[in-house]
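# Report on the structure
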Amino acid sequence: MTLSGPAVCIGKDIDTDLVIAGRYLRTKETSVWAEHVFEDLDPTLAPRLKGAVLVAGNNMGCGSSREQAPVAIREAGAIAVIAPSFARIFFRNAINVGLPVIECDGITCHDGSMVTISLEEGWVETGGVRHPIRPLSDRMQDILAAGGLVPYWRNR
Amino acid sequence: MSTLSERILGGSAGTYVDREVDRAFAHDGTGVLAMEAFRRMGVPTPARPETVSIIYDHLAPANTSQTATLQKELREFAAAAGFAFTDVGGGICHQLMSEGRVLPGEVVVGADSHSCTTGAFGAFSTGVGATDMAAIWAEGSTWFRVPDTINIELTGHLPAWCEAKDIVLTVTGRIGMDGGTYRALEYTGDGAAALSMAGRLTLCNMAVECGAKTGLFYADRTTQAYLARYGHNVERQEPEDATYCRELHIDLADMEPVLSVPHRVDTVAPVTEYAGTPLDQVFVGTCTNGRYEDLERFARIVRGGQVACRTIVVPASRAIMQQAAETGILAEIIAAGCMVGPPGCGPCLGMHMGVLGEGETALSTANRNFKNRMGVGAEYYLGSVATAAVSALSGEITSPEGAL
């Protein structure tokens, strides 16, 4: 199975405060997070995430452990996040909430250009160039395949 | 030969291990989401409730009815689950875990990124998100990828006007915001051994600011003496000739007071470069610098003077606030014109109790200066307690050199 969508490019060292600001955290309503995702980075970003592949620079998701960050990206409709490196808590959180996160070097991001991902075969393709992705551990693959840690746990 | 992380986790760097979690904790922010995930997992009862703490610190006391309602729900959940519960006013989770709840050699997991703080006791202590925390409640264990380790050897003596915060900001500047990703930081050397527990906690607290999984000190006489005050008799840990992925050497005699400049923690510069920058607010507190030793240092500088800008001081725990009241330094801080807030995170995360306004500039002893975090459209510098104190007195960024 492949995933495919237009790229939305963001920079490096994007912290989770920028993904979803602290002032929106005190609720269980995931739609609030989706509505305000990346508001302090670029207020035009949220509506462009539906069906998109978010392509970030190094150290994506650094800072706070807030799980609302990957949930906000997922709820806004992004189908995957690609970066050369991720902050470790964000990376684990994303897998746990069923948002595919892909470590991949060398991608030149152009807003709107199509990005295709094959998790099974381990590649990302954009602009006619195919890039290998760093494989997830078996357990992380299983958690992601189940749709996150909660369904993974329930299925065990 | 093993690094301390390899020894505690029982595997070599790069391998995946499953480990029982000795202590787990969450706060009012992450605890609510962990509770939701735990319920959705459909597990009737937690595996080892006696190992779990819930500590209210992020919005303590509650700022809105919505927050209060969520806190009420988690409070009731924690009681039913049999978790140790600390209500508002107790203090910051990392500080409370530091007050005798974490011991050398333990595996400690907190649902907060600064859970690396208690690595200062020679524990493997790290942060996770809410769903991982729920799974730990359910199972009592979790998986880890054993990290590579950067050895940071500290030697020599720190100048009187410098403190642990200047060391950790310098380290963060040298390693960079992602230079520690998936790694652990081990502090060794005679300069590390000479640091107090408070200083060690400050250093480990900020390990996550360069992406590291945790920061660690080997338990030594200082650790033993500190934990003995809480009734714990612990063994020392001796460093082995381990394989490190990177070695950093810092001569403490070369330290100077430094700042993290907006909006990156790893943009570190001497305080003197920014001297004279007018300040709207100074904030002293947080899991980085809200300990008794910090308040005492702050009081020593502001004693008898008057602060020249809005200055908010927040003790990291009730025990610290009580000690500061008993020794009289709290009265001195108040007499100098500071506002003292209730123990907790204060304005650090930009939710209440001193959030900054648009266009305002502040100096904070916290650990993050991310854009908009402590106030939309504001700028804030991170610095030491001494830098905060002299800057509060002058109302502008000022170097503490010569003040101590």
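As the structure is a prediction and not an experimental result, all values here were calculated from the model.

## Examining the overall build of chain A
Counting its secondary structure elements, chain A contains six helices and seven strands. Along chain A, helices (α) and strands (β) appear in the sequence β-α-α-β-α-β-α-β-β-β-β-α-α when read from the amino end. The C-alpha extent of chain A, read off along each of the three principal axes, is 40 × 40 × 25 Å. Relative to its full complement of 156 residues, chain A shows a buried share of 51%. The contacts of chain A with a sequence gap of at least 6 include a subset with a gap of at least 24, amounting to 68%.

## A word on the overall build of chain B
The secondary structure content of chain B amounts to 14 helices and 18 strands. Scaling as 2.2 N^0.38, a compact globule of 404 residues should have a C-alpha radius of gyration of about 22 Å, and chain B matches this with 20 Å. When the 404 residues of chain B are sorted by exposure, 59% land in the buried category. Long-range contacts, defined here as pairs at least 24 residues apart, represent 77% of the contacts in chain B between residues at least 6 apart.

## Some remarks on the packing of helix 6 (residues 164-175) of chain B against helix 8 (residues 197-205) of chain B
All names here are of chain B. One way to put it is that helix 6 packs onto helix 8 with a least axis distance of 9 Å and a crossing angle of 25°. As the angle between them shows, helix 6 and helix 8 are arranged roughly parallel. Note on packing geometry: the crossing formed by helix 6 with helix 8 is right-handed. Taking contact as the criterion, the partners of Ala164, Lys165, Ile167 and Val168 in helix 6 are, on helix 8, Gly199, Thr202 and Leu203. For the contact of helix 6 with helix 8, a count of residues per class yields four nonpolar, two polar and one charged.

## Quick notes on unusual backbone geometry
The omega torsion across Ala60 of chain B and Pro61 of chain B is -5°, close enough to zero to call that bond cis. Relative to the helices and strands, Pro61 of chain B resides in the loop between strand 3 (52-55) and helix 3 (65-81). Going from Pro262 of chain B to His263 of chain B, the amide bond is cis rather than trans, its omega being -5°. Mapped onto the elements, His263 of chain B comes out in the loop between strand 12 (258-260) and strand 13 (268-270). With a phi angle near 50°, Asp13 of chain A is a residue other than glycine that sits in the positive phi range. Note that Asp13 of chain A resides in the loop between strand 1 (2-9) and helix 1 (16-19). Its 23 C-beta neighbours within 10 Å are what place Asp13 of chain A among the buried residues. Notably, Phe38 of chain A is not glycine yet its phi reads approximately 60°, a positive angle. With respect to the helices and strands, the residue Phe38 of chain A is situated in the loop between helix 2 (30-36) and strand 2 (53-55).

## Considerations on the interface of chain B and chain A
The partner chain A presents 33 residues to the 40 residues of chain B that form the contact. Those elements that provide at least two residues to the side of chain B that touches chain A are helix 2 (28-41), helix 3 and helix 5 (130-139) of chain B. The element contributing the most residues to the side of chain B that touches chain A is helix 2 of chain B, with eight residues. Across the side of chain B that touches chain A, the residue classes break down as 18 nonpolar, 13 polar and nine charged.

What counts, and at which threshold
Residues numbered from 1 in each chain as written. Chains lettered and ligands numbered in written order. Predicted model: local features only at pLDDT ≥ 70, side-chain atom pairs only at ≥ 80, totals over all residues. Helix = DSSP H or I, 4+ residues; strand = E, 2+ residues; numbered from the N terminus. Buried ≥ 20, exposed ≤ 12 C-beta atoms within 10 Å, placed from the backbone. Contact = placed C-beta atoms within 7 Å. Rg over C-alpha atoms; globule rule 2.2 N^0.38 Å. Axes fitted to C-alpha atoms, helices over the stretch in contact; angles between N-to-C directions. Parallel < 35°, antiparallel > 145°, perpendicular 65-115°, else oblique. Left-handed = near helix turned anticlockwise from the far one by under 90°. Nonpolar A, V, L, I, M, F, W, Y, C, P; charged D, E, K, R; others polar.

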